[in-house]
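Each chain, letter by letter, is given below.
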Amino acid sequence: GESVGLHLPTLSVQEGDNSIINCAYSNSASDYFIWYKQESGKGPQFIIDIRSNMDKRQGQRVTVLLNKTVKHLSLQIAATQPGDSAVYFCAENMPLIYNQGGKLIFGQGTELSVKP
Amino acid sequence: DVKVTQSSRYLVKRTGEKVFLECVQDMDHENMFWYRQDPGLGLRLIYFSYDVKMKEKGDIPEGYSVSREKKERFSLILESASTNQTSMYLCASSLQVNTEAFFGQGTRLTVV
């Protein structure tokens, strides 16, 4: 049959469990990374960021881990709640070599579903 | 709070029409971005700008152009709309490189 679109990777967790969302980024020169949360009908909202000179950063209930060796980023959400249900995107900043700009590129996204 | 405002939430245009999508930010941000979002494809960068009158192509610039005559406003232009440009369009801005980007609510454009 016809393909009408790609399906997002999905993660289903029980309320109260920890969630881990993974992301592979594309460019070894990327120097800044952000995780966003997008709820239905809304624009993406910032969760947490990390610079390339760090490998871990913690926020409130969230932790981001960066592994530059394998170009991998993860978002850990502690004690996941129903309100965490959303699509989560990682983004990488690819610096431009010829000016001060930067290209902010997003991953495909992962849909997190929290079961009560 | 930073506010990024897109001029329309929903827009329906005919094939071949010239379409303007407007985005305004109120925090004196240097960088502005236009993305389109399609199911399963995430956000794809169309164009971005790091200063007034400066623009850079993103990953999918074909069929689009942009204008940044003032720092606070970044316009996306579809010179001749086609049905494959039916999508959700998201504008974002950031203070400078390597700072978080703030998004507008999006414009859902349908080309018929």
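Below you will find a few notes about this structure. Position labels on residues start from 1 in each chain and follow its written sequence. A letter from A marks each chain and a number from 1 marks each ligand, given out in the order of writing. The predicted nature of this model means local features are confined to residues of pLDDT at least 70 and side-chain atom pairs, given and counted, to a pLDDT of 80 or more, with totals for whole chains, interfaces and linings taken over all residues. Based on all heavy atoms of the structure, the side-chain values leave hydrogens and waters out of the count.

1. Some words on the overall build of chain A
Stage number 1. Note on conventions: DSSP H or I runs of at least 4 residues are helices, E runs of at least 2 residues are strands, and numbering of each starts at the N terminus. When helices and strands are tallied, chain A shows zero helices and ten strands.
Stage number 2. Put simply, chain A runs from its N terminus to its C terminus through helices and strands in the order β-β-β-β-β-β-β-β-β-β.
Stage number 3. The globule rule puts the C-alpha radius of gyration for 116 residues at 13 Å, and the 15 Å found for chain A is close to it.
Stage number 4. Overall, the C-alpha framework of chain A stretches about 50 × 40 × 25 Å when taken along its three principal axes. To get the radius of gyration, use the C-alpha atoms; to get the globule rule, take the number of residues to the power 0.38 and multiply by 2.2 Å.

2. Section: the environment of A:Glu15
Residue and element names in this part refer to chain A.
Stage number 1. For Glu15, the location among the structural elements is in the loop between strand S1 (10–14) and strand S2 (19–24).
Stage number 2. Burial status follows relative accessibility: with a 1.4 Å probe on protein chains alone, a residue under 20% of its type maximum counts as buried, one over 50% as exposed, and anything between as partly exposed. Given the relative accessible area of 42%, Glu15 is considered partly exposed.
Stage number 3. The spatial distance from the C-alpha of Glu15 to the C-alpha of Pro82 is 6.5 Å, given a sequence separation of 67 residues.
Stage number 4. In contact with Glu15, other than residues within four places in its own chain, are Thr80, Gln81, Pro82, Val114, Lys115 and Pro116. Any two residues whose heavy atoms approach within 4.5 Å at even a single point are treated as in contact.

3. Description of the pairing of strand S3 (residues 32–38) of chain A
Residue and element names in this part refer to chain A.
Stage number 1. Counted residue by residue, S3 has seven buried out of seven residues, so it is predominantly covered.
Stage number 2. Examined bridge by bridge, S3 and strand S4 (residues 45–51) share six bridges and lie antiparallel to one another. Looking at the pairing, Trp35 lines up with Ile48 of S4.
Stage number 3. Being paired, for any two strands, means DSSP has found at least two bridges between them. In textbook terms, the turn of a hairpin is the stretch between consecutive antiparallel strands, and for S3 and S4 this stretch comprises six residues, one of which, Gly41, has a positive phi near 80°.
Stage number 4. Bridge count between S3 and strand S8 (residues 86–95): seven bridges; the pairing is antiparallel. Residue pairing in the sheet places Trp35 in a bridge with Cys90 of S8.

4. What about the layout of surface pockets?
Any space left empty among the atoms is revealed by the rolling of a water-sized probe across them.
Stage number 1. Space inside and on the surface of the protein is sampled on a 1 Å grid over the protein atoms alone, with a cavity defined as a set of points where a 1.4 Å probe fits but cannot get out and a pocket as an open set with protein on both sides within 12 Å along at least 5 of 7 lines; lining residues have an atom within 4 Å of a point. Grid points are joined across faces, edges and corners, and a volume is the space filled by probe spheres set on the points. Of the volumes computed, that of the largest pocket is approximately 520 Å³.
Stage number 2. What lines the largest pocket is a set of 25 residues, among which A:Leu8, A:Gln38, A:Val87, B:Gln37 and B:Pro39 lie closest to the centre.
Stage number 3. At the level of elements, S8 of chain A together with strand S4 (31–38) and strand S9 (87–94) of chain B are the ones that each hand at least two residues to the lining of the largest pocket.

5. Regarding the sheet that holds strand S7 (residues 72–77) of chain A
Paired through their backbone hydrogen bonds, the strands of a sheet run either parallel or antiparallel.
Residues and elements named next belong to chain A.
Stage number 1. Here we have four strands laid out as an open sheet, ordered S2-S7-S6-S5, and antiparallel in their pairing. The sheet is open, and its two edges are formed by S2 and strand S5 (56–58), each paired on a single side. Pairs of neighbouring strands in the sheet enclose a mean axial angle of 15°, with direction left out of account.
Stage number 2. Of the strand pairs in this sheet, strand S6 (residues 62–67) and S7 are connected by six bridges, and their pairing is antiparallel. Axis lines are fitted to C-alpha atoms, over the contacting stretch for helices. Their N-to-C directions set the angle, which ranges from 0 to 180 degrees.

6. Observations concerning the state of the cysteines
Residue and element names in this part refer to chain B.
Stage number 1. The definition used for a disulfide is geometric: two cysteine sulfur atoms within 2.5 Å. Applying the stated criterion to the full structure yields two disulfides over all chains.
Stage number 2. A sulfur-sulfur distance of 1.9 Å marks the disulfide that ties Cys23 to Cys91. Residues Cys23 and Cys91 are joined by a disulfide whose S-S torsion is about -75°; by sign, that bridge is left-handed. Here Cys91 lies in strand S9 and Cys23 lies in strand S3 (residues 19–25), a separation of 68 residues in the sequence. Both residues of the pair, Cys23 and Cys91, belong to the buried class.

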